[in-house]
Amino acid sequence: FRRVLFRSLAAAVILLIEPFSLFELSFQLSFLSLLGIILIGTPLAGWAAAYLPGFIRFPLAYSVGAQLITAPVLLYTFGSVYPIGIPAALLLIPLISLFIWFGIIYLMVSWIPLYFVGQVFAFSLHFIYRIISGLTALFSQAPAVTGSGHILLWLLLPAVVLLIRRLSKIEL
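Predicted model, so just to flag it, every value in this text is computed and none were measured.

**A short note on the overall build of the chain**
- Looking only at helices and strands, the chain has six helices and two strands in total.
- Of the regular secondary structure in the chain, the N- to C-terminal order runs α-α-α-β-α-α-β-α.
- Counting over 172 residues, the chain shows a buried share of 27%.
- Summarising the internal contacts of the chain: among those between residues at least 6 apart in sequence, 69% fall at separations of at least 24.

Here it is as structure tokens:
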């Protein structure tokens, strides 16, 4: 409950400073994603603890939670949703994290006068980038779920949230 309260407080502060943020897609998707991670992802991860290891369970559960909650807004705004984002996140998030860490390390060692140190990190960054770029291109070929008629399915979302919470028995 505290996590939802703090996110709500953050949203309230933003809206006090800039009330029209409520109508910006970035605001809506950011806070809905967090809400989905908290209300759906966290209990789903708890429920899946018996079935999946943590390195798969948490990213998968959080991706499902964020996708489910943001899907109605995406359908309304763009007319489509890409469920491939859930498995794509399992591969891309660790790679992007690795890319960021290698970039930070590269910046820290780039002042070392040894030429090969910079070259090793530059090659590593380029290699990781090529993998990320290739996977992104591959996943972008997946079909979308389209049409505003699917919004009716999202009316079942509260029932899904309650079911997941009941299965996981995690108190929010």
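**Description of the environment of Leu 22**
- Checked against the element boundaries, Leu 22 lands in the loop between helix H1 (2-17) and helix H2 (25-47).
- Between the C-alpha atoms of Leu 22 and Ala 12, which are 10 residues apart in sequence, the distance is 9.9 Å.
- The contacts of Leu 22, once residues within four sequence positions are left out, are Leu 15, Phe 27 and Gln 28.

**Topic: a nonpolar patch on the surface**
- On the surface, Phe 6, Leu 9, Val 13, Leu 16 and Ile 17 cluster together into a nonpolar patch covering about 570 Å² of accessible area.
- Residue Ile 17 is classed as exposed on the basis of its relative accessible area, which comes to 66%.

**Side note on the packing of helix H3 (residues 54-78) against helix H4 (residues 85-109)**
- At a minimum axis separation of 9 Å, H3 and H4 run at an interaxial angle of 140 degrees. Seen from above, H3 lies across H4 with right-handed handedness. Along the contact surface, H3 presents Ile 56, Pro 59, Leu 60, Ser 63, Val 64 and Gln 67, while H4 presents Gly 85, Ile 86, Ala 89 and Leu 90.
- Split by residue class, the contact of H3 with H4 holds seven nonpolar, three polar and no charged.

**Regarding the environment of Gly 36**
- Among the structural elements, Gly 36 can be located in helix H2.
- Under the relative-accessibility criterion, Gly 36 is labelled buried at 0%.
- In sequence terms Gly 36 and Tyr 62 are 26 residues apart; their C-alpha atoms lie 7.6 Å from each other.
- The residues contacting Gly 36, other than those within four sequence positions of it, are Gly 41, Gly 65, Ala 66 and Ile 69.

Definitions and cut-offs
- Residues numbered from 1 in each chain as written.
- Predicted model: local features only at pLDDT ≥ 70, side-chain atom pairs only at ≥ 80, totals over all residues.
- Heavy atoms only, no water.
- Helix = DSSP H or I, 4+ residues; strand = E, 2+ residues; numbered from the N terminus.
- Buried < 20%, exposed > 50% of the residue type's maximum accessible area, 1.4 Å probe, protein only.
- Contact = heavy atoms within 4.5 Å.
- Patch = residues over 30% accessible without salt bridge, like charges linked within 9 Å, V, L, I, M, F, W, Y side chains within 5 Å.
- Areas by Shrake-Rupley, 256 points an atom, 1.4 Å probe, with all protein chains shown as cover.
- Salt bridge = Lys/Arg side-chain N within 4 Å of Asp/Glu carboxyl O.
- Axes fitted to C-alpha atoms, helices over the stretch in contact; angles between N-to-C directions.
- Left-handed = near helix turned anticlockwise from the far one by under 90°.
- Nonpolar A, V, L, I, M, F, W, Y, C, P; charged D, E, K, R; others polar.

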